[in-house]
Amino acid sequence: AFAKVAVNESTAEWLAVEHVVYSQVEGSFLPRFLGYDDAEPALLLLEDLSEAHWPPPWPHGSVAAVLGALETIAATWPPHGVPSTEIYREELSEGWALVEQDPGPFLSFELCSREWLADALPTLLEAARAAPIEGESLLHFDVRSDNIALQGDRAVLVDWNWACIGNPLLDRATWAPSLHVEGGPSPEELVPECPPGFPAMLAGFWALRVGLPPPEGAAPGLRDLQLAQLGVVLPWAVRALDLPPLG
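Attention in this report is confined to the structure presented alongside it.

## Notes on the sheet that holds strand E3 (residues 43-46)
What the three strands build is an open sheet, ordered E1-E3-E2; its pairing is antiparallel. Of all the strands in the sheet, just strand E1 (2-5) and strand E2 (33-37) have a single pairing partner and so form its edges. Strand-to-strand, the axes of this sheet are offset by a mean angle of 15°, without reference to chain direction. Sheet topology places E2 next to E3; four bridges connect them, and they run antiparallel. Across the sheet, the residue bridging to Asp37 is Leu43, located in E3. Along the sheet face, helix H1 (residues 9-24) touches E1, E2 and E3 and points at about 140° away from the line of E2.

## Concerning the side chain of Asn147
Checked against the element boundaries, Asn147 lands in the loop between strand E4 (137-139) and strand E5 (148-151). Apart from the residues within four sequence positions on either side, Asn147 is in contact with Trp54, His140, Asp142, Val156, Leu157, Val158 and Asp159.

## Things to note about helix H2 (residues 62-74)
If you check H2, its first and last C-alpha atoms are 18 Å apart, about what 13 residues at 1.5 Å a residue would give, namely 18 Å. For H2, every residue scored as buried is listed here: Ser62, Val63, Ala65, Val66, Ala69, Leu70 and Ile73. Projected down its long axis, H2 shows its buried positions confined to an angular sector of 160°, all on one face. Along H2, the residues that are exposed and aim more than 90 degrees away from the buried face are Ala64 and Glu71. Elements in contact with the buried residues of H2: E4, E5, strand E6 (154-157), helix H7 (169-181) and helix H8 (187-190).

Conventions used here
Residues numbered from 1 in each chain as written. Predicted model: local features only at pLDDT ≥ 70, side-chain atom pairs only at ≥ 80, totals over all residues. Heavy atoms only, no water. Pairing = 2+ DSSP bridges. Helix = DSSP H or I, 4+ residues; strand = E, 2+ residues; numbered from the N terminus. Axes fitted to C-alpha atoms, helices over the stretch in contact; angles between N-to-C directions. Contact = heavy atoms within 4.5 Å. Expected span 1.5 Å × (residues − 1). Buried < 20%, exposed > 50% of the residue type's maximum accessible area, 1.4 Å probe, protein only. Arc of directions from axis to C-beta.

Here is the structure:
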């Protein structure tokens, strides 16, 4: 068994959300649920996946396995108690508005010029705010390699504390930048039907954060990983919105 033990109030809340999913949903995309105790400290027991392959690298067929798992997740009836993506709309869509108020941290990485940003901001912000995140599908909403275990042709997703209900394209769109950083396909190849508001929204989300101090308890290298993703998603937004080349 694999034991997840809460270390503070936030992680206890995350385990409670995961329990909502594990106690009501079954599928090949989930580790086996073994038990949950909400007494302090909260404890969640799951199938031990330590012998699985944890990418990267991504073996042949593994990206397709994850895409298949995401399709199955999106077709799964959402469990009672999982929130809508609407509760995250402001946090997701207002990144560029906050960058506009204080562009210095973002501009310090020299991904674009101050002039380019000033010209592009209205388009980026409008697109981010119009991103169609709403929907009726179950989402994992934190798809990335350290949350994916590969067992043969089976892709298992762990860490369901951000599970929500929304547009199923979001899981692929949010995964695309980190997958490309790890040698995967371009975002357009992974999500060819992606609304242009999604890369605009994701670029604003990362642009706001990469220049800030990492949150307390964050994993080492968090901001470096976010910067690498921003280096993928910002050009993706430029292409999707037909903006002038970054400069």
